[in-house]
Each structure stands twice: as C-alpha cells, then as structure tokens.
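# Overview (structure and organization)
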Amino acid sequence: PTEERALRLIAAGDIMMHTPVSKSALQPDGSYDFRAPFKYVRPIFKNYDRVLGNLETPLAGGTLTGYPAFNGPDELADSLKWAGFSALTLANNHSLDKGWKGLYRTAEQVRERGFKYVGAYLSAEDRAEARLVSAGGVTVGLLGYTYGVNGPIKYPGNETWRLNVIDQDLMLADIADLKAAGADFTVLNVHFGDEYHRVPNKKQLALVEALFQGGADLIIGHHPHVVQPGLVRQGPDGGRGAVFSLGNFISNQRDRYTDQGLMVSVTFGVDYWGRKTMGPLTLHQTRCVRRVIEGRPTYRVLPVQQAVANPEAYCLSPEEAAMLTSDQMAMAKHRVDY
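Anyway, here's the lowdown on the structure attached to this text. Bear in mind the structure is a predicted one, so any value in this text is a computation, not a measurement.

Let's shift gears to the overall build of the protein. Along the protein, the regular secondary structure elements total ten helices and 15 strands. Rg of the C-alpha trace for the protein: 19 Å, near the compact-globule value of 20 Å for 338 residues, within the 12% margin. Based on the C-alpha atoms only, the size of the protein along its principal axes is roughly 60 × 50 × 40 Å. Relative to its 338 residues, the protein shows a buried fraction of 54%. Surface summary for the protein: the accessible area is close to 14300 Å², and the carbon and sulfur share equals 51%. Of the side chains in the protein, 36 bear a positive and 36 a negative charge, and the two mean positions are spaced by 2 Å.

See below:
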C-alpha cells in the first residue's frame, strides 16, 4: 500500500462583463475593482485546491465594451485571483470579440497573474506545454475547447494553435498527451450546446460519451447561459462525470434562468493501492443578484444554499430570501427530472 492522495477541485460558470457589470466596478480614481461581487464565494473557494472558471470576456486593453463584442478591464483578472480562481479557460464564442490581438493579450494578462489557462495560447510551444496542476500528491491535466466563435475563424498563417476548436480526434490525442505527461486525471472545459436550452442536445451527449471512452475524467460544459444537468459513468478505473452547462456565474443577463448557475466540485483521489477514485460530483447552486443602489447597479454572486440558510449574513430582504428558496427547489427538481 502507498499513501492515499487527494486533490479537491471546484469549477464555476461563465464570467461575462456586460457593460453594466464593468461600470458597477468603476472606482473614483478610474480603476476597477470586482472584489465585491465575489466576496461571498471566496470563502467557499478557500476549501479547494484548485478553482476553475470560464473567462468569456477578452482583456484586450483600450475602450471597454459589452455585448455583442466584449472587452473587460484588466483588473477583472486581479479580482478573480483575489477570489481564489487559479485556472481559466479562454476558449469560447467570444474569444475573438477583439480579434487575434485581443485574444493574445488576454492570454498574456492571465499568464502574468499566475493563472493556468487553456483553450487559447501564445505560441505553438505554449500549446504543447501540458497544463498540469498538482495538490495532495495528485496531478490533474486541464484542457479547453469551443465549438467556434461569433463568425468565421481564419487562423493567421494557418496557426491553429492559437485557439482550440472542438475536434474529437484532436481532443482524444490531447487527453493521451496529458496522461503521458503525468496527469492522474483529465478535466476538459468544453464550450458547446444550444443557448438558453436547459437540456443537452444529441451532439453534446455523443461527444461526452466519446471523450469518456477516450479517458476524460471530468467534462465541464459552458455556453448555454442556463444550467444543463450532468451525468456520471462508473468504470473499473474510477468514475467519469460531466455537467453539460454550469450556466452564468456573473453577467447582466436577467431573463428567466440566466441569473442562475452552478459550481461543481469533486475530489480526485488515488487510494492506498494506487487505484483512481473520483468522489461524487457536488453541485453548488449560485445566483447573480443585481441591485440598483443610488441609481447604480451592483452585483453579488450568492451561494444559494448558504444564503437560504442564513439570509441575514447575506443581507437578503425577505423577498430575496423567498426568491432564492424557490430557485433552490426548482433547480433541484430540474436536476432530478433530467
């Protein structure tokens, strides 16, 4: 027998800087500070070894813009670091909102702050570098892909290393490369599915099953902007899990279900006999609450379970507490029905 090992990981949904969200963080000196929206999830993140997120806003420098072509302030990366995020996927349909230069600069900004980043890269050599994170004696490999962008993708000089687009053969080869580089487990961030559809489509289901067969351990879905439930497959070398969409983490979307999201956590382990173990997927419901105070919108990402249990600690009005309780019950039913 060897020593038992474990790494605890949690992942959140879409991080989107609509113009009102960016403006809400503007400080009197002209800088931006997004710590307030994340203050209630920061204590949760402290319980995990690694925290993943989908950065669905370029940090391209220059004038800030919202939908349909996002560009957020650099300080967003600082606040994400403060909140506890340690890895970001950059592959999504908004990756090229500010062109290839904007995507390159985004990767530079997150790299300078010490994030692991996947899905978009600075060079062919950068893409070839295995994204491995380790804690507790366990090593996890990270990957990221998108179905495409908002328009045609024309790689400069056919440099396909710049952005990972969903390609099953490529994904399976990348999984094999991570395992060869020493990954005990592989986690794939996949930007796919139909926007605002609360259940996965046939293409999502087929791709996830193929990735499971190819050795993916956990698949984290983004893009629909609403929560899509997940599934688990048991096997002789440990379980495999997927959540098809975590929904929005922070955004200004206010339509039904778009202000709700999930965080998914899991413990990757290797037991005394060297057998891989993946603990049950735990789904933590979140809600991005928007309030207008003195004519200015403010945003808070609330962990629903904790907020419902102690509304005073989260400064909730009775109406807001009742709304979150209703959300919690409806989301539980949505997951069970699926």
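Turning to the packing of aromatic side chains, a few remarks are in order. Going through the model one piece at a time under the given rule, you end up with eleven aromatic pairs. Ring centres of Phe38 and Phe249 lie 5.9 Å apart, and the angle between their planes is 20°; this geometry places the pair in the stacked category. Of this pair, Phe38 sits in helix H2 (residues 35-38) while Phe249 sits in strand E11 (residues 248-250); the two residues are 211 residues apart in sequence, bridging distant segments of the chain. Residue Phe38 is classed as buried on the basis of its relative accessible area, which comes to 0%. Geometrically, the ring pair formed by Trp100 and Tyr155 is tilted, given 5.5 Å between the ring centres and 35° between the ring planes. A residue pair is termed long-range when its members are at least 10 positions apart, and Trp100 in helix H5 (residues 99-112) and Tyr155 in the loop between strand E6 (138-146) and helix H7 (168-180) qualify at 55 residues. Overall, the relative accessible area of 18% leaves Trp100 in the buried class.

With mixed pairing, six strands are arranged side by side in an open sheet as E5-E6-E7-E8-E10-E9. Only two strands of the sheet have a single neighbouring strand rather than two, namely strand E5 (132-135) and strand E9 (227-233). In this sheet, neighbouring strand axes are inclined to one another by 15° on average, regardless of whether the strands run parallel or antiparallel. As paired elements, E5 and E6 share four bridges and run antiparallel to each other. In the sheet register, Leu132 faces E6, and the bridge partner there is Gly141.

Across the chain, the bulk of peptide bonds are trans and the bulk of non-glycine residues have phi less than zero. Put simply, Tyr67 and Pro68 share a cis peptide bond, and its omega is 10°. Positionally, Pro68 belongs in the loop between strand E2 (50-55) and helix H4 (75-83).

Summed over all chains, the structure comprises 14 salt bridges. Arg105 serves as the salt-bridge partner of Asp74, at 2.8 Å between the closest nitrogen and oxygen. Placement of Asp74 in the loop between E2 and H4 and of Arg105 in helix H5 is noted, with a sequence separation of 31 residues between them. For Arg105, a relative accessible area of 22% puts it in the partly exposed group.

This part takes up the nonpolar core. Counting residues in hydrophobic clusters, the biggest one holds 66 residues, and the most contacted among them are Phe38, Phe85, Phe249, Ile250 and Phe268. Ignoring sequence-local partners within four residues, the contact set of Phe85 consists of Ala12, Ile15, Phe45, Val51, Leu52, Gly53, Leu80, Phe115 and Phe249. Core analysis: the second largest hydrophobic core is formed by 18 residues, Leu188, Leu207, Phe212 and Ala216 among them.

Calculation rules
- Here, residues in each chain are numbered from 1, in the same order as that chain's written sequence.
- With the structure being a predicted model, the display of local features is reserved for residues of pLDDT at least 70 and the display and counting of side-chain atom pairs for 80 or more, all residues being used for whole-chain, interface and lining totals.
- Excluding hydrogens and water, the side-chain values take into account all heavy atoms of the structure.
- Only DSSP runs of H or I with at least four residues qualify as helices, and only runs of E with at least two residues qualify as strands; both kinds are numbered from the N terminus onward.
- Using C-alpha atoms as the atom set, the radius of gyration is obtained and then compared with a globule rule of 2.2 Å times the number of residues to the power 0.38.
- Remark: exposure states derive from per-residue accessible area (1.4 Å probe, protein chains only) relative to the maximum for the residue type, with buried under 20%, exposed over 50%, and partly exposed in between.
- Accessible areas in this description were obtained via Shrake-Rupley with a 1.4 Å probe; residue shielding takes into account the shown protein chains only.
- Residues scored as positive are Lys and Arg, those scored as negative are Asp and Glu, and His as well as the terminal groups of each chain are ignored.
- Note that the charge is assigned to NZ on lysines, CZ on arginines, CG on aspartates and CD on glutamates.
- In this analysis, rings of Phe, Tyr and Trp, with Trp reduced to its six-membered ring, are considered paired at centre separations within 6.5 Å, and the interplanar angle assigns stacked below 30 degrees, edge-to-face beyond 60, and tilted for intermediate values.
- Any two strands with at least two DSSP bridges between them are considered paired.
- Lines fitted to C-alpha atoms define the axes, with helix axes restricted to the stretch in contact, and inter-axis angles between N-to-C directions lie between 0 and 180 degrees.
- What counts as a salt bridge is simple: a side-chain nitrogen of Lys or Arg found within 4 Å of a carboxyl oxygen of Asp or Glu.
- Buried Ala, Val, Leu, Ile, Met, Phe, Trp, Tyr and Cys residues that are joined via side-chain atoms within 4.5 Å together make up what is termed a nonpolar core.
- The criterion used for residue contact is that any of the two residues' heavy atoms lie within 4.5 Å.

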